[in-house]
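Chain by chain, the residues:
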Amino acid sequence: MKFKKLTISSITIFFLISLIISSSDAKDFQWTVDGKGIIRMEDGQLVLTNLAENRQTVLVSASQFVVKETVFVPDDFSLSTDQSKLLLFVNTARVWRYNTRGDYWLLNRKTGIWKQVGKKRPSQSLMFAKFSPDFSKIAYVSEQNIYMEDLQTGVETALTKGGNRKLINGTFDWVYEEEFYCTDGFKWSPDGKSIAYWQVNAAGTRDFMMINNTDSIYAQVKPVEYPKVGQPPSAVKIGVVALATKTTKWMQVPGDPRQHYIPRMDWKGGEVILQQLNRRQQESKLFSCNASTGNTKEIYFEKDNAWIEVMQSWDEDYKNAGWDWVDNGNSFIWASEKDEWRHLYAVSKDGKSERLITKGNFDVIDIARIDEKGGYIYYLASPENATQKYLYRSALSGKENPERMSPAEQVGTHSYDIAPGAAYAFHIFTNHKVPYTGELISLPDHKPLNGDRSLKAALQNAERIRGGVEFFKIATAENIEMDAAMIKPLNFDPAKKYPVVFYVYSEPASQIVTDVYGSTANFLYTGDMAADGYFQICIDNRGTPVPKGREWRKSIYRKIGIININDQAAAAKEILKWPYIDANRVAVWGWSGGGSATLNLLFKYPEIYKTGISIAAVALQLTYDNIYQERYMGLPSENMEDFINGSPITYAKNLKGNLLYIHGTGDDNVHYQNAELLINELIKYNKQFRFMPYPNRTHGISEGEGTFEHLQTLYTNYLREFCPPGGK
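Report follows, based on the coordinates. (Residues numbered from 1 in each chain as written. Predicted model: local features only at pLDDT ≥ 70, side-chain atom pairs only at ≥ 80, totals over all residues. Heavy atoms only, no water.)

**A word on the sheet that holds strand 36 (residues 437-442)**
Item 1. Spatial ordering of the open sheet is given by 34-35-36-37, a layout of four strands whose pairing is antiparallel. For this open sheet the edge positions go to strand 34 (413-418) and strand 37 (447-448), each flanked by a neighbour on one side alone.
Item 2. The pairing of strand 35 (residues 424-430) with strand 36 spans six bridges and is antiparallel. When the bridges of strand 36 are listed, Y424 appears paired with S442. (Pairing = 2+ DSSP bridges. Helix = DSSP H or I, 4+ residues; strand = E, 2+ residues; numbered from the N terminus.)

**Some points on the nonpolar core**
Item 1. In terms of nonpolar packing, the biggest core is built from 55 residues, with Y176, F180, I238, V272 and L274 touching the most fellow members.
Item 2. When residues no more than four places from it in sequence are discounted, the contact partners of L274 are I238, V253, I262, R264, M265, K285, L286, F287, C289 and W323.
Item 3. Counting residues in hydrophobic clusters, the runner-up holds 47 residues, among them I480, M482, W578 and A619. (Core = buried A, V, L, I, M, F, W, Y, C linked by side-chain atoms within 4.5 Å. Buried < 20%, exposed > 50% of the residue type's maximum accessible area, 1.4 Å probe, protein only. Contact = heavy atoms within 4.5 Å.)

**Quick look at the sheet that holds strand 33 (residues 403-404)**
Item 1. Ordered by their spatial adjacency, four strands build an open sheet running 30-31-32-33, and the pairing between neighbours is antiparallel. On the outer flanks of this sheet lie strand 30 (364-371) and strand 33, each paired with one strand and no other.

**Examining helix 3 (residues 454-462)**
Item 1. Those residues of helix 3 that sit buried are L455, A458, L459 and A462. On an axial view of helix 3, the arc spanned by its buried residues comes to 100°, and they lie on one face.
Item 2. Those residues of helix 3 that are buried lie in contact with strand 35 and strand 36. (Arc of directions from axis to C-beta.)

**Overview of the packing of aromatic side chains**
Item 1. If you walk through the whole model with that rule in mind, you get 41 aromatic pairs.
Item 2. The interplanar angle of 70° and the centroid separation of 6.0 Å between the aromatic rings of Y498 and F535 together place this pair among those described as edge-to-face. Remark: F535 occurs in strand 41 (residues 535-540) and Y498 occurs in strand 40 (residues 498-503); sequence separation between them is 37 residues.
Item 3. According to the relative accessible area criterion, Y498 is buried, its value standing at 4%. (Phe/Tyr/Trp six-rings, centres within 6.5 Å; stacked < 30°, edge-to-face > 60°.)

**Quick notes on the pairing of strand 40**
Within a regular strand, the side chains alternate between the two sheet faces.
Item 1. Burial analysis of strand 40 places five of its six residues in the buried class, the great majority of the element.
Item 2. Pairing between strand 40 and strand 42 (residues 581-591): five bridges, direction parallel. Paired with F502 across the bridge in strand 42 is V588.
Item 3. Strand direction decides the pairing type here: strand 40 and strand 41, joined by four bridges, are parallel. Bridging across to strand 41, V501 finds its partner in Q536.

**Structural notes on the environment of Y176**
Item 1. One can find Y176 in helix 2 (residues 174-180).
Item 2. Ignoring any residue separated from it by four or fewer positions in sequence, one finds Y176 in contact with Y181, C182, V236, Y261, I262, P263 and I627.

**Description of the side chain of R631**
Item 1. Take R631: it is sitting in helix 8 (residues 626-633).
Item 2. Once residues within four sequence positions are removed from consideration, R631 is found in contact with E179, F180, R280, Q281, A306, W307, Y557 and N626.

**Some remarks on the side chain of N431**
Item 1. Along the chain, N431 turns up in the loop between strand 35 and strand 36.
Item 2. The class for N431 is buried, based on a relative accessible area of 10%.
Item 3. Among the polar contacts made by the side chain of N431, one reaches the main-chain carbonyl oxygen of V411 at a distance of 3.0 Å.
Item 4. Looking at N431, its side chain comes within polar contact range of the main-chain nitrogen of K433, at 2.8 Å.
Item 5. With near-sequence residues (within four places) excluded, N431 lies in contact with V411, G412, D515, V516 and Y517. (Polar contact = N/O pair within 3.5 Å; in protein donor to acceptor, adjacent residues only side chain to side chain.)

**Points about the environment of I113**
Item 1. Note on placement: I113 falls in strand 10 (residues 113-117).
Item 2. Taking the relative accessible area as the measure of exposure, I113 reaches 53% and is therefore exposed.
Item 3. If near-sequence neighbours (up to four positions away) are discounted, I113 is found in contact with L106, L107 and N108.

**A look at the packing of helix 6 (residues 563-575) against helix 7 (residues 593-604)**
Item 1. Where helix 6 meets helix 7, the closest approach of the two axes is 10 Å, and the angle between their N-to-C directions is 60°. Here helix 6 runs over helix 7; the crossing is right-handed. On the side of helix 6, the interface is formed by I565, N566, Q568 and A569, while helix 7 contributes A597, N600, L601 and K604. (Axes fitted to C-alpha atoms, helices over the stretch in contact; angles between N-to-C directions. Left-handed = near helix turned anticlockwise from the far one by under 90°.)

**Section: the environment of W188**
Item 1. Note on placement: W188 falls in strand 16 (residues 186-188).
Item 2. Here the alpha-carbon distance between W188 and N401, two residues 213 residues apart in the chain, equals 38 Å.
Item 3. The residues touching W188, leaving out its near neighbours within four places in the chain, are K130, F131, S132, P133, K137, I138, A139, M148, S194, I195, L243 and W267.

**What about helix 10 (residues 673-684)?**
Item 1. Between its terminal C-alpha atoms helix 10 stretches 17 Å, which fits the 16 Å expected from 12 residues at 1.5 Å a residue.
Item 2. Its buried side turned inward, helix 10 meets helix 7, strand 44 (658-664) and strand 45 (690-694).
Item 3. At the C-terminal side of helix 10, N686 shows a positive phi close to 55°. (Expected span 1.5 Å × (residues − 1).)

**Side note on unusual backbone geometry**
Item 1. The omega torsion of the bond from L443 to P444 falls at 10°, within 30 degrees of zero and hence cis.
Item 2. Inspection of the secondary structure assignment puts P444 in the loop between strand 36 and strand 37.
Item 3. Of note, K68 is a non-glycine position whose phi angle comes to about 50°, a positive value.
Item 4. As for its position among the elements, K68 is in the loop between strand 5 (66-67) and strand 6 (70-71).
Item 5. You can call K68 exposed: its relative accessible area is 79%.
Item 6. Of note, T520 is a non-glycine position whose phi angle comes to about 75°, a positive value.
Item 7. Given a relative accessible area of 15%, T520 falls into the buried group.

Following this line, the structure appears as structure tokens:
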């Protein structure tokens, strides 16, 4: 993506959104070490902007990014501390979810000479290349092994051997990436003399065979090491390889490696700190490991009757990361729900003492920055409205009440990327009337830099907007109150009856009722649903990851497909009491977990839902991966009935309404197997429906020319045919 010339008052919304809310790993900027400036790609050149002085310096010109008629367009970059070395990540390719594989090039800014890193390795095979602490070496992963290259001599050294699809060094298998957000699997020691890394042994994990029928005359088989629920995890261990000897010392983590997980690991001085989760993910242990001997010592233990929240699942900054250390390195920050709210604690490095930092009946949503020098931790929270997010800070001492930093007049959802030292931040604000609008601000006063009035103008414009999304709460007959959002038909006439379309997700992985621009809008509908005369409604039931406390989120334990479906149906019953809702025109749709919910609602409550569009659904919970399903549902060997009772396929015989079922045949996440299992069950009971397989498309059904337009057209035509629009 190309961006306009950067001035502090004209940072584009697109740039800011890519910085803060992008789901990819790519990052086209970095804060300077002192937090007083930013370095980013702009118009094909690398630019340093001094925020205090509002001054720009070109570090690498556009002409320098041209090598042998090839123009480097980096997906990511990193600079040495002294800014003399620039490392570019280019020619990238997706592994599973992210573009983590490609080529790396190094520029010596003093000589102006470019050098390809890992030149002897296959093209587009390098992953996670990063400088050693003294910037004299670069380590990277290629074809499941870790390599190190000396920048002075150019000598490449293999630090691990024997890596293959089933023995993975320095990165992860499918399920660790999907469910623990783990991709980059190695870390330099602080002294640069060794590297700690994950090794995944998937030899005992069965392959699921993906069939590609479209790229050749004979079908191609692609095996994916995929542990289904009930199958033991791949064995994972942590090793420390010494650069001097190229030998690995394995950390002696207690327990059966095929009955636990290690989702977090990092260095603390000369020790390795790691987190171990048991198979059920109800017990978390932190170990301190001697990097030289491999000896381990348990330093902290926590237990939950449902599941332990791994920080990566709710804090994007902690992908592949370890812990933030405070109190001059004597304590680490730890998040826990043990008092029924997600709070932050400072735990001593021996685990013997801790203090509560965030106080009150609210959940910490995301850690934004720790400013130990200033004495504060900055985080997102929303004590009063679970559909919104605001910046707060608490004193690291734990002796002060939380302080809201987001301005009171900016009611909605805030995101922040805070600089080291917490003097500056990128800030994005949005609500259902205000498009994502970005600004550079100073902290703690939260004032835009250089007189930027973009957000003020957006807020003023929003005051003139009428209609749009309405947020409300819906209480069921059981007195369960849920957040909901609605878009009414344009020119709504309460004397008429209108169709309603429910969008659902309903599982622990996603919140859908959020006060953001575009909330509730249907991206698959070609046209304007409000203008065509539809009510559009979405509801967050119990079990969704909204900041309403532990009990709300974990009430769904062992009840996916039960409690969420009952809540959605109970809320729909209340909505159908509205005199202007046409009970004969009620549709529901969703994708992935939302596709599963759509099927369950259509099958279990045919008296409510007349039409359903289900995309990429889990039809049988026994087909999905072990980390996700066992975290939320337990082990099938112990409570098989919960898996059966929560699966849509169990109720397929009850189908009475109209069903459009959609699935990509190349879906490596929710396997196409689900479609065929469900279709067989529907055939068994002579249930008529429509089915659309998308050949060789993955879970997002985005590959291939014309795919999205076709999906939109299919969706829209079906909805309009079986749930006709307009007031009557």
